Amino acid sequence: MNNIDLKQLFEGLQNQMTSQLNTNREFITHPGSKGDSLENAWIEWLQKYLPNRYSVDKAIIIDHEGNTSHQIDIVIYDNWFTPFIFSQNGFHYIPAEGVYAVFEVKPDIQGFVGDKSYIEYAAEKIESVRVLKRTSTLMINSGRTTPARPLTKIIGGILTSTNSFTHKNNDTIIQHITEQEGLKSIDIGCIADYSFFYIDYDGSEDNEEKDFDKRIKDYYQNRTISNITFSDSSNSLVSFFLQLTNYLQQAIGTIPAIDLNAYSQAIGFKIDKEL
């Protein structure tokens, strides 16, 4: 029986993606084109390797009241149980209920947009999604009606190609991450040629709170950082992918059923819930 060296296989994947990101970062000089090329590289990579149940695109997130997020570079979302996704000229508007994860893409973890660091800028993008109102309603599973389930967490992160901070001991990155609190808090990040990191938080949801929207937002407001873990540079991308997939499949699972009546009110129509 022939054995495959998984370590070499993972290293090959790492080197391939890192080379593509670095080429785009170094040789595409127009800022807008560079941003688009890096976003597309991450999107194509995630589309290729994530299970088909997850869709990956750049998008704006909407809720049933018509509120919208900032433009999000990468959204991982459900297109099985989310019944409508508006597309216009290749751009998507996705209901908040269908969102699993959102990421900001930058060429470097070090940098600023105006007076905001890239990490703070990413945190504000994440907040603009988590602040939206999500619904949850009953669903039928294997012929049985199940009650509305609590809202799932929305993973928030930042993806970059390199790290240009002067000190490479993680302290500066940790400082920026710990400054992001509440709905702005970051869960994971990947610096392709440097490290993958994830943040462990202390805190849990109040299971007695029946307002699911308030419950999930209170969770974010009250949680505190307990630890930040960094990977080796040699396996940053693979570590990111494995951790992200575990979060999606083992920590989140399937999103709650969307309440279509909340959205139908926008057109003054009431849905008949019985057949």
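All figures in this text were calculated on a predicted structure; none of them were measured in a lab. (Residues numbered from 1 in each chain as written. Predicted model: local features only at pLDDT ≥ 70, side-chain atom pairs only at ≥ 80, totals over all residues. Heavy atoms only, no water.)

A closer look at the packing of aromatic side chains
Phase 1: Per the stated rule, a full pass over the model turns up 13 aromatic pairs.
Phase 2: Where tryptophan 42 meets phenylalanine 240, the ring centres are 6.1 Å apart and the plane angle is 90 degrees; that geometry is what we call edge-to-face. Here the residue tryptophan 42 occupies a position in helix H2 (residues 31-49), and phenylalanine 240 occupies one in helix H6 (residues 236-252), the gap between them amounting to 198 residues.
Phase 3: Overall, phenylalanine 240 belongs to the buried group, its relative accessible area being 0%.
Phase 4: Among the aromatic side chains, those forming a connected cluster through ring pairs are Trp42, Trp45, Tyr49, Phe103, Phe196, Tyr198, Phe240 and Phe241.
Phase 5: Seen from the ring of tyrosine 219, lysine 153 lies directly overhead, with NZ or CZ sitting 4.8 Å from the centre.
Phase 6: The cationic tip of arginine 223 hangs over the ring face of tyrosine 201; the distance from NZ or CZ to the ring centre is 3.6 Å. (Phe/Tyr/Trp six-rings, centres within 6.5 Å; stacked < 30°, edge-to-face > 60°. Helix = DSSP H or I, 4+ residues; strand = E, 2+ residues; numbered from the N terminus. Buried < 20%, exposed > 50% of the residue type's maximum accessible area, 1.4 Å probe, protein only. Lys NZ or Arg CZ within 6 Å of the ring centre and 35° of its normal.)

Some thoughts on the nonpolar core
As a rule of thumb, soluble globular proteins bury nonpolar side chains together.
Phase 1: With 36 residues, the main nonpolar core has Ile61, Val75, Val99, Val102, Ile173 and Phe197 as its most contacted residues.
Phase 2: Elements represented by at least two residues in this core include exactly strand S1 (54-62), strand S2 (68-78), strand S5 (99-108), helix H3 (118-130), helix H4 (171-178), strand S12 (195-202), helix H5 (212-222) and strand S13 (224-230).
Phase 3: Considering each element in turn, this core owes the most residues, 6 residues, to H3.
Phase 4: Valine 75 has contacts with Ser55, Val56, Asp57, Ala59, Ile61, Ile94, Val99, Ala101 and Val102, leaving out every residue within four places of it along the chain.
Phase 5: Formed by 33 residues, the second largest nonpolar core is a distinct cluster that contains Tyr54, Ile155, Tyr247 and Leu248. (Core = buried A, V, L, I, M, F, W, Y, C linked by side-chain atoms within 4.5 Å. Contact = heavy atoms within 4.5 Å.)

Overview of the environment of tyrosine 93
Phase 1: Within the fold, tyrosine 93 resides in strand S4 (residues 91-95).
Phase 2: By relative accessible area, tyrosine 93 is classed as partly exposed at 32%.
Phase 3: Sequence separation of tyrosine 93 and alanine 59 is 34 residues, and the distance between their C-alpha atoms is 5.7 Å.

What to know about the side chain of arginine 215
Phase 1: By secondary structure assignment, the location of arginine 215 is in helix H5.
Phase 2: Arginine 215 has contacts with Pro150, Glu205, Asp206, Asn207 and Glu209, leaving out every residue within four places of it along the chain.

What about the confidence of the model for the chain?
Should the pLDDT be low somewhere, the predicted coordinates at that spot are not to be read in detail.
Phase 1: Residues with a pLDDT of 70 or more make up 95% of the chain, whose mean pLDDT is 90.
Phase 2: Across the chain, element-level confidence peaks in H3 with a mean pLDDT of 98 and bottoms out in helix H1 (residues 6-27) with 74. (pLDDT = per-residue confidence, 0-100.)

What about unusual backbone geometry?
Generally, phi is negative for residues other than glycine and the peptide bonds are trans, each holding for most cases.
Phase 1: Despite not being glycine, asparagine 170 has its phi angle at roughly 75 degrees, a positive value.
Phase 2: Among the structural elements, asparagine 170 can be located in the loop between strand S10 (155-162) and H4.

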